[in-house]
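What follows is the residue order along each chain.
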There are 6 protein chains.
Amino acid sequence: MRILVVNVNTTESITETIAQQARAVASPGTEIVGLTPYFGAESVEGNFESYLAAIAVMDRVMAYDQPFDAVIQAGYGEHGREGLQELLNVPVVDITEAAASTAMFLGHAYSVVTTLDRTVPLIEDRLKLAGLYQRCASVRASGMAVLELEEDPLAAMEAIVRQAELAIREDKAEVICLGCGGMAGLDEQIRQRTGVPVVDGVTAAVTIAESLVRLGLSTSKIRTYATPRPKKIIGWPR
Amino acid sequence: MRILVVNVNTTESITETIAQQARAVASPGTEIVGLTPYFGAESVEGNFESYLAAIAVMDRVMAYDQPFDAVIQAGYGEHGREGLQELLNVPVVDITEAAASTAMFLGHAYSVVTTLDRTVPLIEDRLKLAGLYQRCASVRASGMAVLELEEDPLAAMEAIVRQAELAIREDKAEVICLGCGGMAGLDEQIRQRTGVPVVDGVTAAVTIAESLVRLGLSTSKIRTYATPRPKKIIGWPR
Amino acid sequence: MRILVVNVNTTESITETIAQQARAVASPGTEIVGLTPYFGAESVEGNFESYLAAIAVMDRVMAYDQPFDAVIQAGYGEHGREGLQELLNVPVVDITEAAASTAMFLGHAYSVVTTLDRTVPLIEDRLKLAGLYQRCASVRASGMAVLELEEDPLAAMEAIVRQAELAIREDKAEVICLGCGGMAGLDEQIRQRTGVPVVDGVTAAVTIAESLVRLGLSTSKIRTYATPRPKKIIGWPR
Amino acid sequence: MRILVVNVNTTESITETIAQQARAVASPGTEIVGLTPYFGAESVEGNFESYLAAIAVMDRVMAYDQPFDAVIQAGYGEHGREGLQELLNVPVVDITEAAASTAMFLGHAYSVVTTLDRTVPLIEDRLKLAGLYQRCASVRASGMAVLELEEDPLAAMEAIVRQAELAIREDKAEVICLGCGGMAGLDEQIRQRTGVPVVDGVTAAVTIAESLVRLGLSTSKIRTYATPRPKKIIGWPR
Amino acid sequence: MRILVVNVNTTESITETIAQQARAVASPGTEIVGLTPYFGAESVEGNFESYLAAIAVMDRVMAYDQPFDAVIQAGYGEHGREGLQELLNVPVVDITEAAASTAMFLGHAYSVVTTLDRTVPLIEDRLKLAGLYQRCASVRASGMAVLELEEDPLAAMEAIVRQAELAIREDKAEVICLGCGGMAGLDEQIRQRTGVPVVDGVTAAVTIAESLVRLGLSTSKIRTYATPRPKKIIGWPR
Amino acid sequence: MRILVVNVNTTESITETIAQQARAVASPGTEIVGLTPYFGAESVEGNFESYLAAIAVMDRVMAYDQPFDAVIQAGYGEHGREGLQELLNVPVVDITEAAASTAMFLGHAYSVVTTLDRTVPLIEDRLKLAGLYQRCASVRASGMAVLELEEDPLAAMEAIVRQAELAIREDKAEVICLGCGGMAGLDEQIRQRTGVPVVDGVTAAVTIAESLVRLGLSTSKIRTYATPRPKKIIGWPR
């Protein structure tokens with residue numbers, strides 16, 4: 001089984017971190033292919049960049065010329081998953097939803113700890129549309145930008161733990177979701193520090209994608225995610 | 001005052017229809033500029049096309065080289081409005097929200113009559129995120145594709161009236177919103193046929209955009225719609 | 001075009017403030033007529049007074065003997081708008097809804113800053129019924145009674161700014177609505193102090209009322225707001 | 001114990017029907033006093049009439065010059081209960097809420113069968129504000145006006161049973177609430193015809209009012225329903 | 001009329017406290033029978049114990065060999081009420097719902113003060129399913145375990161008052177519900193200390209059960225609470 | 001890895017069907033152990049039977065004397081999962097939630113087709129509490145009792161397909177969940193007949209349980225699902 005794990009930003013090192021994290025939990029026999037979009041922002045922290053990423057991710061997946069069995073969109077709170085579902089016949093898993101869906105099996109309420117405050121409403125909106133928000137205790141920002149996670153991992157860890165502890169104590173979260181693809185790999189440490197289960201969206205998405213393939217299930221094509229109607233399109237594919 | 005009215009598809013004749021409709025209600029002294037995206041689909045009827053439109057609309061607005069006072073995104077149920085709000089300092093009005101917001105001043109519940117069934121969930125989702133769905137009685141599809149509205153206006157009128165009447169009788173709608181930018185100009189006839197107020201999103205958006213400008217109000221830049229942070233972006237602007 | 005702007009209390013000076021504020025944004029050619037109810041309380045700060053105002057406003061409008069094109073009910077969070085909609089064939093705009101509806105075009109979430117704590121539930125309930133509450137971050141009380149706004153405008157300003165700042169910082173509001181007709185005229189100063197858009201319900205209502213008239217739209221009369229059935233009524237009109 | 005049961009319309013015969021129904025379930029030692037407003041409409045079927053009734057009910061209760069222990073507002077879906085709660089220190093029970101609250105102890109979902117279609121949104125809105133709507137399967141109109149209930153009781157019975165049966169079969173209601181004070185006394189027959197519990201708001205309200213008095217409980221006066229502040233009021237009391 | 005008041009735990013002294021509290025408000029002619037389950041936990045403070053109690057309560061009621069007119073399940077936030085409704089033809093009243101339903105007649109919002117933090121989600125979930133959560137301002141834990149209420153009533157009183165005051169000041173509660181059957185009898189003192197109405201679920205349930213019997217109403221048997229189908233069951237009745 | 005798959009009824013043949021279905025998708029190296037409760041009903045179709053099953057499932061799992069890595073509760077819409085989560089330190093997966101959670105990755109809305117109409121509210125309530133109901137288009141009953149699924153599989157298939165088709169056409173479902181553990185194995189046929197993805201809760205639960213184990217995640221023990229406090233319990237373990 002081959003699963004494409006697509007980063008939403010153009011920073012190759014983040015793609016690599018994500019892909020390694022994915023490989024760490026993939027079943028034997030599952031090949032993880034990390035993809036970086038050909039265009040877009042070096043980090044995605046807002047609606048403009050996220051819309052650009054939506055198209056860039058679709059573009060990158062359509063340009064991939066080998067067969068594959070599932071796609072993971074590895075951006076937290078980003079636009080675009082529905083477009084991929086229309087274009088493809090294989091399952092598409094968004095890490096925002098994968099993390100929330102997994103967290104809900106583990107506790108009565110979960111919180112997300114993400115990067116900048118400005119991305120909080122995006123994550124909340126995606127969870128609301130996905131129908132996964134009811135048991136969300138809070139979405140909290142650590143104040144660390146995406147690229148700072150790489151540049152100063154120790155400070156990032158502290159900032160994330162601080163917000164996770166507040167989520168547990170004040171918002172009554174019982175599970176923490178790591179709200180950024182670039183936080184891949186921090187889960188175990190944060191679990192030890194906070195004493196609650198910590199869900200990383202990338203690894204959760206890998207197990208869900210594998211499961212869907214194993215169950216022979218893929219996107220329903222009868223209405224919302226039907227294949228686009230044939231029509232004249234300018235500037236696509238690039 | 002200059003207001004940009006941006007079509008979401010690449011069909012010039014639809015841009016022209018929309019711009020004319022906008023001019024019909026614009027105040028003296030308001031200049032309406034109709035814009036057609038440089039890329040994208042000839043009609044937008046699904047998520048993939050809508051995400052492409054989101055970027056194409058932002059691209060077209062950023063390429064406009066004259067000053068302007070407000071922007072209207074003239075696609076019903078489409079992605080992208082939040083991106084424009086980040087990029088611009090002038091008010092941005094989406095016709096989906098303009099129509100719903102206006103309808104809510106006119107009756108206890110409103111319905112939207114749109115084109116194809118596959119676009120219904122997109123419209124519902126946009127209204128839900130906008131916080132304008134509670135008083136929505138239904139979103140109904142006429143079964144007419146966007147381009148068929150131009151090709152066979154008589155059949156389109158009949159199909160829209162049929163669904164509007166069902167919305168009134170079965171869903172208890174008291175107001176009808178025309179759920180497609182391409183339906184601009186049909187409102188008066190449908191009002192006469194159904195006996196209820198009919199809201200066209202384009203004209204509603206023009207009055208709202210003018211009002212915001214007149215009131216000296218524009219998008220709040222403190223959090224969700226703050227200007228994007230400076231960063232390296234590949235492939236933008238085109 | 002003639003728009004009646006009806007105060008909900010019997011204090012003439014407040015009617016005058018409101019009418020002046022309305023005139024400041026009215027289009028050339030729009031005549032603003034300020035009306036004070038013939039009965040009711042000198043300020044409206046609770047349900048009893050608000051129900052009395054509901055009838056007093058209807059009474060005052062029905063007693064007006066000139067033609068008019070729209071009515072604005074200029075009380076924040078008050079009862080009665082639905083009754084006016086039944087009695088009239090012209091558009092009726094409530095400033096509570098006008099402010100919220102306008103704020104939602106400007107930011108992801110808005111807060112209302114009003115007078116006394118006891119009026120907070122009334123405002124929340126009106127916004128809930130209007131279907132405009134989902135994006136309301138909070139309704140906060142400044143602690144200033146309606147008449148104190150006139151008596152001590154400096155203290156009022158400070159108290160309002162304090163709550164607005166808390167709404168922004170703690171409740172994540174991105175827009176502030178001034179929650180009292182008597183706050184008309186304070187918007188610009190508060191915007192400068194807080195750095196976010198500030199919506200005054202009276203001016204917002206004027207632009208909405210003008211827009212509805214311009215669009216040829218008025219209240220749907222087919223169900224909820226149908227003209228009252230002819231029947232024997234005692235004590236009305238007064 | 002003395003309980004005031006206040007009709008919302010000015011039709012004495014309806015007041016009498018309601019009071020008799022109330023007496024039929026009152027405990028020994030409970031005196032039921034039926035009151036008819038001094039002004040208002042002969043039947044209440046819409047917002048204008050309902051707002052007028054709100055004030056007329058408060059007026060009638062304030063004019064009552066004997067001590068009393070509780071007040072029942074005997075109009076289904078009407079405005080005004082909150083005003084009474086401010087003015088009084090004894091419990092106030094609205095029959096809309098009494099019926100819904102009682103029905104929820106009897107089945108998983110309940111429906112209301114009322115008079116005219118135009119009153120349906122009023123009832124729904126009152127139930128929503130009261131926080132009692134979640135388990136409401138539907139509010140259905142029999143098409144019989146309030147006064148027709150008295151004029152043609154047989155036709156009324158048939159029309160109500162027809163809608164009750166539809167509510168059970170199509171909306172999955174398990175309990176029926178009679179949605180009009182003037183339906184008092186029909187419950188037993190409708191129960192026999194439909195096979196489900198039928199709740200009459202007037203009798204339900206009597207038991208709730210008696211219970212609150214017995215438990216020594218009355219309206220909380222600390223915030224929403226605090227006694228109105230002393231202020232100058234014109235035209236009140238009449 | 002005979003009403004069974006069934007404790008959910010196996011501590012006889014708590015059954016006695018509850019029964020006495022019930023008798024204090026029962027009408028003349030109402031016999032209160034306190035029942036203690038034959039099996040289960042000495043106090044119920046979590047899901048496992050609550051599910052065990054659900055069965056134990058049903059078991060105890062089915063083993064009661066005298067006629068009775070209504071059953072009260074005297075555990076706050078516990079599972080099982082729906083099972084009793086299937087097994088019996090007389091009304092079943094849960095004290096969680098009785099308290100909330102009563103509180104909603106007394107103020108705009110109510111809070112529950114319960115025992116341990118771990119029981120808060122159970123209570124919230126029961127109120128949500130019951131459709132009585134919308135006007136719940138908060139559920140707060142006093143930190144006192146069920147049995148500590150008996151062992152150290154003074155400390156319990158202080159802990160409950162502290163949380164009640166926080167509920168009033170911070171959560172804007174206007175009414176307090178005592179969130180544990182074992183708190184029976186504390187209501188009057190807490191009312192004096194906090195100045196707001198305090199609802200005890202047991203006494204509220206007695207008046208509701210009596211009312212339903214008096215009104216001739218019982219559980220609807222047409223769908224959700226229909227009598228169980230005849231089938232082979234192992235290990236029941238015990 | 002060893003996963004316990006626990007039937008909720010006492011019919012061994014259904015346990016066997018479920019276990020076989022589970023084995024069909026289990027990974028190599030995963031041992032599936034099917035367990036039948038020692039007491040309870042031969043089929044679970046209502047609240048009383050479901051509460052009995054809740055305890056019987058916990059009892060059966062606690063009596064299992066070998067190590068295990070996860071537990072699947074294989075009853076659709078049944079009570080009890082939260083109790084297991086308190087008692088155990090390994091992940092617990094309920095098939096109702098597993099199916100819904102999986103369906104939400106496959107389409108915009110899903111429907112459940114279950115057995116008898118009386119079980120519909122149970123399923124809806126479990127989905128509501130689980131926070132998985134927002135995207136549920138409908139829960140429909142086939143009218144086939146649990147044991148009839150075994151006795152007349154052809155009739156069952158037809159009845160399920162009929163409701164699935166209605167769910168797709170009328171309720172706009174894009175995915176179908178099989179709403180009964182006893183429907184295990186019917187998914188492929190129904191998918192072929194309806195053209196949409198069909199999710200079987202048992203197989204979905206197996207992949208989720210395996211995933212949680214693989215990710216090193218288990219139930220959060222800090223609040224709602226903390227281990228029960230030590231206390232005196234009568235009649236447990238049996």
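Note that the structure is a prediction, hence the values are computed from the model and not measured.

**Student:** What exactly am I supposed to notice about the overall build of chain A here?
**Tutor:** Scanning chain A for helices and strands turns up nine helices and 10 strands. For 238 residues, the compact-globule estimate of 2.2 N^0.38 gives 18 Å, and chain A sits close to it at 17 Å. Its C-alpha atoms give chain A principal-axis dimensions of about 55 × 35 × 35 Å. The contacts in chain A between residues at least 6 apart in sequence include a share of 71% that link residues at least 24 apart. Carbon and sulfur atoms form 48% of the exposed surface of chain A, whose accessible area is close to 7200 Å².

**Student:** Is there a simple way to explain a negative patch on the surface in this structure?
**Tutor:** Residue and element names in this part refer to chain A. Negative charge collects at one region of the surface, where Glu 148, Glu 150, Glu 151 and Asp 152 lie side by side. Inspection of the secondary structure assignment puts Asp 152 in the loop between α6 (146-151) and α7 (153-169). Judged by its relative accessible area of 37%, Asp 152 falls in the partly exposed class.

**Student:** It is not clear to me how helix α8 (residues 187-194) of chain F should be interpreted in this structure. Could you clarify?
**Tutor:** An α-helical segment advances 3.6 residues per turn. Residues three or four places apart therefore align on the same side. Residues and elements named next belong to chain F. Within the span of α8, buried status applies to Asp 187, Ile 190 and Thr 194. The buried residues of α8 occupy an angular sector of 65 degrees when projected down its axis, which confines them to one face. Looking one or two residues past α8, Gly 195 carries a phi angle of roughly 80 degrees, positive in sign.

**Student:** Help me understand the confidence of the model for chain A, please; the structure alone is not making it clear to me.
**Tutor:** Detailed reading of the predicted coordinates is not advisable wherever pLDDT is low. Mean pLDDT over chain A stands at 97; residues scoring 70 or higher make up 100%. The ipTM for the predicted assembly is 0.97, set against a pTM of 0.97.

**Student:** Can you walk me through the relation of the copies chain A and chain B in this structure?
**Tutor:** Both copies of the chain are related through a single rotation about an axis accompanied by a shift along the same axis. You can overlay chain A on chain B at an RMSD of 0.0 Å; the transform is a turn of 180 degrees with a shift of 0.0 Å along its axis. With respect to symmetry, the two chain copies, as superposed, fit the operation of a two-fold axis. The residues that chain A uses at the interface reappear at the interface of chain B in 100% of cases, marking a shared surface.

**Student:** Help me understand unusual backbone geometry in this model?
**Tutor:** A cis amide bond links Trp236(C) to the next residue, Pro237(C), at an omega of -5 degrees. Within the secondary structure, Pro237(C) sits in the segment after β10 (233-234). Phi at Lys172(E) is positive, roughly 70 degrees, even though this residue is not glycine. Among the structural elements, Lys172(E) can be located in the loop between α7 (153-170) and β8 (175-178).

**Student:** In this structure, what is going on with the arrangement of the chains? I would like to understand it.
**Tutor:** At the level of C-alpha atoms, the two units chain A and chain D stay apart, their nearest approach being 16 Å. Chain C shows no contact with chain F. Their nearest C-alpha atoms sit 16 Å apart.

**Student:** Mind showing me how you'd approach the interface of chain A and chain B here?
**Tutor:** In many analyses, interface size is given as the accessible surface area lost on bringing the parts together. Each partner contributes residues to the interface: chain A has 46 residues there, and chain B has 46 residues. Carbon and sulfur atoms supply 58% of the area that chain A and chain B bury against each other, a total of about 4000 Å² over both sides. When the buried area of chain A at its contact with chain B is split by residue, Phe48(A), Tyr51(A) and Arg118(A) rank highest and sum to 20% of it. For the pair chain A and chain B, the number of links is 10 salt bridges.

**Student:** How should the packing of aromatic side chains be read in this particular structure?
**Tutor:** Any pair of aromatic rings gets described here by the distance separating the centres and the angle formed by the planes. Evaluated as defined, the whole model comprises 15 aromatic pairs over all chains. A ring pair is formed by Tyr64(D) and Phe68(D), whose centres lie 5.9 Å apart and whose planes are at 65 degrees; its orientation type is edge-to-face. Tyr64(D) sits in the buried class, given a relative accessible area of 15%. Taking the ring centre of Tyr133(C) as reference, the NZ or CZ of Lys128(C) above it sits at 5.0 Å.

**Student:** What is the right way to read the sheet that holds strand β6 (residues 110-114) of chain A from this model?
**Tutor:** Residues and elements named next belong to chain A. Spatial ordering of the open sheet is given by β7-β6-β8-β9, a layout of four strands whose pairing is parallel. Of all strands in the sheet, those bounded by a partner on one side alone are β7 (136-141) and β9 (198-200). Ignoring strand direction, the axes of neighbouring strands in this sheet form an average angle of 25 degrees. Across three bridges, the pairing between strand β8 (residues 175-178) and β9 is parallel. Looking at the pairing, Ile 176 lines up with Val 198 of β9.

**Student:** It is not clear to me how the packing of helix α2 (residues 47-63) of chain A against helix α2 (residues 47-63) of chain B should be interpreted in this structure. Could you clarify?
**Tutor:** A pair of packed helices is captured by two measures, namely the crossing angle of their axes and the spacing between those axes. Between α2(A) and α2(B), the least distance of the axes is 9 Å, while the angle of their chain directions is 130 degrees. On the basis of their axis angle, the class for α2(A) and α2(B) is oblique. Here α2(A) and α2(B) pass one another in a crossing that is left-handed. Facing α2(A), whose interface residues are Phe48(A), Tyr51(A), Leu52(A), Ala54(A), Ile55(A) and Met58(A), α2(B) presents Phe48(B), Tyr51(B), Leu52(B), Ala54(B), Ile55(B) and Met58(B).

**Student:** Just to check I follow, could you spell out the side chain of Ser101(B) for this structure?
**Tutor:** Position of Ser101(B) among the secondary structure elements: in helix α4 (residues 95-103). On the basis of relative accessibility, which here comes to 6%, the residue Ser101(B) falls in the buried class. Apart from the residues lying within four places of it in its own chain, the contact partners of Ser101(B) are Leu132(B), Ser101(C) and Phe105(C).

**Student:** Teacher, can you tell me more about the environment of Gly179(E) here?
**Tutor:** All names here are of chain E. Within the secondary structure layout, Gly 179 lies in the loop between β8 and α8 (187-194). Between the alpha carbons of Gly 179 and Ala 19 there is a distance of 17 Å; along the sequence they are 160 residues apart. Excluding residues that lie within four positions of it along the chain, Gly 179 makes contacts with Tyr 76, Val 112, Val 113, Thr 114 and Ile 123.

**Student:** I tried to follow the sheet that holds strand β5 (residues 92-94) of chain E on my own but got confused; where do I start?
**Tutor:** Backbone hydrogen bonds hold the strands of a sheet together, and the pairing may be parallel or antiparallel. Residue and element names in this part refer to chain E. The strand order across the open sheet built from four strands is β2-β1-β4-β5, with neighbouring strands paired in parallel fashion. Two strands bound the open sheet, and with one partner strand each, they are β2 (31-35) and β5. Within the sheet, the average angular offset between the axes of one strand and its neighbour, ignoring direction, is 20 degrees. For strand β1 (residues 2-6) and strand β4 (residues 70-73), the ladder comprises four bridges, and the chain directions are parallel. Each bridged residue has a counterpart across the sheet, and for Val 5 the counterpart in β4 is Ile 72. Along the sheet face, helix α1 (residues 12-25) touches β1 and β2 and points at about 165 degrees away from the line of β2. Across the sheet, helix α2 (residues 47-63) is in contact with β1, β2 and β4; its angle to β1 comes to roughly 150 degrees.

**Student:** What is the right way to read the domain arrangement of chain A from this model?
**Tutor:** Residue and element names in this part refer to chain A. Domain boundaries assigned for chain A yield domain 1 (1-93 + 201-213) and domain 2 (95-199). Computed over C-alpha atoms only, the centres of domain 1 and domain 2 are separated by 19 Å. Taken together, the contact pairs 31 residues of domain 1 with 27 residues of domain 2. Carbon and sulfur atoms make up 59% of the surface buried where domain 1 meets domain 2, a total of about 2300 Å² over both sides. When residues of domain 1 are sorted by the area they lose upon contact with domain 2, Glu 45, Tyr 76 and Gly 77 head the list and together hold 34% of the total. Put simply, Glu 82 and Arg 126 hold a salt bridge, and the shortest N to O gap is 3.2 Å. Between the two partners, domain 1 and domain 2, sit nine residue pairs in polar contact (both at pLDDT 80 or more). Residues belonging to the side of domain 1 that touches domain 2 are distributed by class as follows: 11 nonpolar, 15 polar and five charged.

Criteria and cut-off values
Residues numbered from 1 in each chain as written. Chains lettered and ligands numbered in written order. Predicted model: local features only at pLDDT ≥ 70, side-chain atom pairs only at ≥ 80, totals over all residues. Heavy atoms only, no water. Helix = DSSP H or I, 4+ residues; strand = E, 2+ residues; numbered from the N terminus. Rg over C-alpha atoms; globule rule 2.2 N^0.38 Å. Contact = heavy atoms within 4.5 Å. Areas by Shrake-Rupley, 256 points an atom, 1.4 Å probe, with all protein chains shown as cover. Patch = residues over 30% accessible without salt bridge, like charges linked within 9 Å, V, L, I, M, F, W, Y side chains within 5 Å. Salt bridge = Lys/Arg side-chain N within 4 Å of Asp/Glu carboxyl O. Lys, Arg positive; Asp, Glu negative; His and termini not counted. Charge placed at Lys NZ, Arg CZ, Asp CG, Glu CD. Buried < 20%, exposed > 50% of the residue type's maximum accessible area, 1.4 Å probe, protein only. Arc of directions from axis to C-beta. pLDDT = per-residue confidence, 0-100. Least-squares fit on C-alpha atoms with pLDDT ≥ 70 in both. Buried area = accessible area lost by both parts, 1.4 Å probe. Phe/Tyr/Trp six-rings, centres within 6.5 Å; stacked < 30°, edge-to-face > 60°. Lys NZ or Arg CZ within 6 Å of the ring centre and 35° of its normal. Pairing = 2+ DSSP bridges. Axes fitted to C-alpha atoms, helices over the stretch in contact; angles between N-to-C directions. Parallel < 35°, antiparallel > 145°, perpendicular 65-115°, else oblique. Left-handed = near helix turned anticlockwise from the far one by under 90°. Domains from an automatic or database assignment. Polar contact = N/O pair within 3.5 Å; in protein donor to acceptor, adjacent residues only side chain to side chain. Nonpolar A, V, L, I, M, F, W, Y, C, P; charged D, E, K, R; others polar.

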